[in-house]
Amino acid sequence: MSELRANLIKTDGGESRLSMNDEWIIVRLPAVQEEVKKQAGKVVQFKLTNAESATAAQTADTQVPAGKVLLPLSVWLARKAEFSARVAAGEIGVWLETHELVETLFESQPDLNVFPVIGVYIERFPDGRAYSTASLLRTRFGFHNELRAFGDVLRDQLFFLNRCGFSAFEVRADRSAEEALASFKDFSEPYQAAVVVDQPLWRRHARV
Amino acid sequence: MYKYDEYDTRIVRERVAQYRDQTLRYLAGELSDDEFRPLRLQNGLYIQRLAPMLRVAIPYGLLGSNQLRKLAHIAREYDHDYAHFSTRQNLQYNWPELPRVPDILEELASVEMHAIQTSGNCIRNITTDQFAGVAPDEVVDPRPLAEILRQWSTFHPEFALLPRKFKIAVSGTTNDRAVVQMHDIGMEFYRGSDNALLIKVWVGGGLGRTPILGEVINDALPWQHALTYCEAILRTYNRWGRRDNSYKARIKILVKALGIEEFRRQVDAEWAHHKDGANTLTQAELARVAKHFDAPAYESLDAGDAGFDEKLANDKAFANWVKRCVHAHKVPGYRAVTLSLKPTGIAPGDATSDQMDIVANFADQYSFSEIRVSHEQNLILADVKLGDLYALWQTARAAGLATPNIGLITDIICCPGGDFCSLANAKSIPIAEAIQRQFDDLDYQHDIGEMEINISGCMNACGHHHVGHIGVLGVDKDGSEWYQVSIGGKQGNDASLGSVIGPSFAADEVAGVVQRLIDVYVESRTLEERFIDTVRRLGVAPFKARVYADRQPGKREVANV
């Protein structure tokens, strides 16, 4: 079963374009009633880094369809043995929640390039942890396949997400990915080294 | 000073275009308030009580005369003919119209200025000593590394959305004037035994609702690693800093929670991967940036000037001004001059468009066309000839810029407070004015001597009240404005946080309370002892006893907040 996503952008060698024939299905945990946490009268919006993501019952109850699937990290960790043939067939990817650690995935699977896609769910766009997750995947854990951001992915963060190593962007459904394409060209010559453009300006050009 | 090359120009131009597009999309309803908020904040635009407020970056407090004229022009054309110099060496406009902000940015870009990252949860303007490059006690000019840090932090993709704001200050003197211990990262540059340039790095300092002085995380970082080491600190913070509670999201809370030993261990483990990476600095790059800060064409002058000596001896008003507003300089025959933005009755740090133009003219005529902004919210001409001081003083006095109160009780650090800021619990400007009026007699001010009063309108502490010799904090009690008073705070190498003396006061009581504190000091001081020294020697008790002597618990005018 393939799902047509008109809102997916992929970058390749500095070019960004809409991707119309995406085969990957993002598998989600079954919903549970979660207690709403409050502090100083405000709803707590951000989970602490490395906080518990799912219960054993949730990971066990998660339905995984046939075809190319992106599994929640918690499902992958709890049930990886059952997916070995599908990993070999290139049908399995994993996605991390914003607060989950890339190190946890790496410990379970030292060669991350068995996954054609790794996803990072951006629960709320002002949470910049995904930027470090992406940078680490690219520079420390050697991941060179597709790195996809999905969730609260908006045009005005795409330039930064891309520079941190994301190569696919599922723009939030109520926004136009086509219009968002322009943002990849917001800045032509960044100052500092990052994942994309990996040398600082002063090493790339002779400056006065 | 630093001059933009084609790349700097391009980045700032591209930023203007990006922000113009974002503003248009917001006005067209394509961006929600929540989506636009971080975008406008990273461009220094707050939505305030009466109008938006725009904060313009003045990197490490350095301005050219053409830039100051442009700031004056913007105040005239887009605002109410004045602007406010802030405690982080920036400039704030209190009345810009949101749709016109892109035009203001265009004006700024034309003089190599911007409002990038002057607010929001990102790396803010890098601040330093206002006497950088001219101070006799300077070991290393901090400005080249400040500029290198500015470029590195500008639109750093990984650190664009941190848990909370992040402030870096740098200093190159043994006698710290950049309050490095009060910053998320503080750096002191110094020379090691073999003359190598090293950096002492503090982390986790900050004021706000949980005031903490920074702790030393590395006492001898070779300068080449300044950026990669910052990246290791920032990545550790970006991943592990709390985002569930904005009051606990600053790096100081993470450092306290882990302890400095464990935090250092994590940073060092992270740094092992960054060290010697692409952002490692080279001597050639440092030299390239440093030549922008080469000393101006100083004349070869005698150490003294007969005309100056004569005026000093015969004009008491001039002598008073020299005593407070003129500072030592490393080059013979030159002095640095502070132009006070603290005359009684004017909000501390405010300057009119005309005053900004006048200061720009002073800079052209007397000081190599450069101006500095201090975190004490005054303007500095760093390179004035001794023989020019008298003429400068006469015109500065006529323009209301020569109040001889630098470092005295009326040189108050003060945030905009409840008159403008939507975060404030209480007004701060009228409190400053009441204190200035209480101590308006100049001879009395000089007799009281070195004194720093810092006033914040809320616990965000923009007025740095924790490190004031006397600190005043506006608090809200059942919807009315009260003021908590602390004593014993200090900035500098021997920095300390003040202690609250007791229950809060109503607005009209604060100046009287300060008077009683001063009375205790004047009666108790030993020869040569400053207010802060007396407080440190005697403790809070005698001051508290005097202030509360005629107050009974439960009396109306004392609020228990």
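Each chain carries its own residue numbering, running from 1 in the direction its sequence is written. The order in which chains are written sets their letters, starting at A; the order in which ligands are written sets their numbers, starting at 1. At least 70 in pLDDT is required for a residue's local features to be given in this predicted model, at least 80 for side-chain atom pairs to be given and counted, and no such filter applies to totals for whole chains, interfaces and linings, which use all residues.

**Q** Could you give an account of the overall build of chain B, naming the residues involved and the relevant values?
**A** Each helix is a run of H or I in the DSSP string that is no shorter than four residues. Each strand is a run of E no shorter than two, and both are numbered from the N terminus. A count of helices and strands for chain B gives 18 helices and 20 strands. Taken over C-alpha atoms, the radius of gyration is set against a globule rule of 2.2 Å times the number of residues to the power 0.38. Since a compact globule built from 561 residues should have a radius of gyration of about 24 Å, the 23 Å found for chain B is in line with a globular shape. Judged by the C-alpha coordinates and their principal axes, chain B covers about 60 × 60 × 55 Å. In chain B, which comprises 561 residues, the share counted as buried stands at 56%. Expressed as a percentage of contacts within chain B between residues at least 6 apart in sequence, the contacts between residues at least 24 apart total 68%. Counting other C-beta atoms within 10 Å of each residue's C-beta, where C-beta atoms are placed from the backbone, gives the exposure class: buried for 20 or more, exposed for 12 or fewer, partly exposed between. For the purpose of contact definition, each residue receives a C-beta atom placed from its backbone, and two residues are in contact when these atoms lie within 7 Å.

**Q** I'd like to hear about the sheet that holds strand β4 (residues 82-85) of chain B, residue by residue, with values.
**A** All names here are of chain B. We call two strands paired when DSSP finds no fewer than two bridges between them. Read across the sheet, five strands follow the order β1-β2-β5-β4-β12 without closing on themselves; strand pairing throughout is antiparallel. Looking at which strands have only one partner, the edges of the open sheet turn out to be β1 (45-47) and β12 (350-352). Recorded for the sheet is a direction-independent mean angle of 30° between the axes of neighbouring strands. Both strand β2 (residues 52-56) and strand β5 (residues 91-93) contribute to a ladder of three bridges, which runs antiparallel. Within β5, the position partnered with Arg55 by the bridge is Gln92. Angular values range over 0 to 180 degrees, each being the angle between N-to-C directions of two axes fitted as lines to C-alpha atoms, with helices fitted over their stretch in contact.

**Q** Would you mind going over the sheet that holds strand β1 (residues 8-12) of chain A in detail, with residue names and values included?
**A** Residues and elements named next belong to chain A. If you trace the eight strands from one edge of the open sheet to the other, you get β2-β1-β10-β9-β8-β7-β6-β3, paired in mixed fashion. Bordering the open sheet on either side are β2 (15-18) and β3 (25-26), each of which pairs with just one other strand. One ladder, built from three bridges, connects strand β9 (residues 146-151) with strand β10 (residues 168-170); its direction is parallel. Looking across to β10, one finds that Phe150 is bridged to Glu170. Docked against the sheet, helix α5 (residues 129-139) engages β7 (92-96), β8 (117-122) and β9, running at close to 165° with respect to β8.

**Q** Can you tell me about the pairing of strand β18 (residues 480-487) of chain B, naming the residues and giving the values?
**A** Residues and elements named next belong to chain B. When you tally the buried positions in β18, you get seven out of eight residues, the bulk of the element. Alignment of strand β17 (residues 470-477) against β18, held across eight bridges, turns out to be antiparallel. If you follow Asp476 over to β18, its bridge partner there is Glu481. Counted between consecutive antiparallel strands, the loop separating β17 from β18 contains two residues, among which Asp478 sits at a positive phi close to 50°. Where β18 and strand β20 (residues 505-506) come together, two bridges link them in antiparallel fashion. Bridged to Trp482 within β20 is Ala506. In this sheet, strand β19 (residues 499-500) lies alongside β18 in antiparallel orientation, the contact comprising two bridges.

**Q** Describe the interface of chain B and chain A, listing the residues and the values that go with them.
**A** At the junction of the two partners, chain B supplies 33 residues and chain A supplies 36 residues. Put simply, the parts of the chain that give the side of chain B that touches chain A at least two residues each are α1 (6-27), α2 (33-41), α5 (143-153), α6 (226-240) and α9 (283-290) of chain B. In terms of residues, the side of chain B that touches chain A owes the most to one element, α1 of chain B, which gives six residues.

**Q** Help me get a handle on the nonpolar core, residues and values and all.
**A** One recurring pattern in soluble globular proteins: nonpolar side chains tend to sit buried together. All names here are of chain B. Ranked by internal contacts, the top residues of the largest apolar core, which has 216 residues, are Val359, Leu381 and Leu517. For this core, the element with the highest residue contribution is α6, accounting for nine residues. Each residue touching Leu517, except ones within four places of it in the same chain, is listed here: Ile470, Ile487, Phe543 and Val547. What we call a nonpolar core is a set of buried Ala, Val, Leu, Ile, Met, Phe, Trp, Tyr and Cys residues whose membership is set by joining through C-beta atoms within 7 Å.

**Q** Before we move on, can you summarise the domain arrangement of chain B with the specific residues and values?
**A** Residues and elements named next belong to chain B. For each domain, the first and last residues come from an automatic or database assignment. Parsing chain B into structural domains produces domain 1 (6-109), domain 2 (143-290), domain 3 (306-398) and domain 4 (413-547). Using only C-alpha atoms to locate each centre, domain 1 and domain 3 end up separated by 29 Å. Domain 1 puts 21 residues into the contact, and the matching count from domain 3 is 21 residues. For the side of domain 1 that touches domain 3, the secondary structure elements donating two or more residues are β3 (62-64), α3 (65-78) and β4. The element contributing the most residues to the side of domain 1 that touches domain 3 is α3, with seven residues. Its residues assigned to classes, the side of domain 1 that touches domain 3 comprises ten nonpolar, seven polar and four charged. The nonpolar class holds Ala, Val, Leu, Ile, Met, Phe, Trp, Tyr, Cys and Pro. Asp, Glu, Lys and Arg form the charged class, and all remaining residues, Gly among them, are polar.

**Q** Any details on the pairing of β1 of chain A? Residues and values, ideally.
**A** Residues and elements named next belong to chain A. Pairing of β1 with β10, which is carried by three bridges, proceeds in the antiparallel orientation. The partner of Lys10 across the bridge, within β10, is Ala168. In this sheet, β2 lies alongside β1 in antiparallel orientation, the contact comprising four bridges. Each bridged residue has a counterpart across the sheet, and for Thr11 the counterpart in β2 is Ser16. Counting the residues between successive antiparallel strands, the hairpin from β1 to β2 contains two residues, one of them, Gly13, with a positive phi of roughly 55°.

**Q** Could you give an account of the packing of α3 of chain B against helix α12 (residues 353-366) of chain B, with specific residues and numbers?
**A** Residues and elements named next belong to chain B. The interhelical angle for the contact between α3 and α12, taken along N-to-C directions, is 170°, at an axis separation of 8 Å. What the angle tells us is that α3 and α12 run roughly antiparallel. Along its contact with α3, which presents Ser65, Leu68, Arg69, Leu71, Ala72, Ala75 and Arg76, the element α12 presents Ser353, Met356, Asp357, Val359, Ala360, Ala363 and Asp364. By residue class, the composition of the contact of α3 with α12 is eight nonpolar, two polar and four charged. Here is the rule for angles: anything less than 35 degrees is roughly parallel, anything more than 145 is roughly antiparallel, 65 through 115 is roughly perpendicular, and the remaining ranges are oblique.

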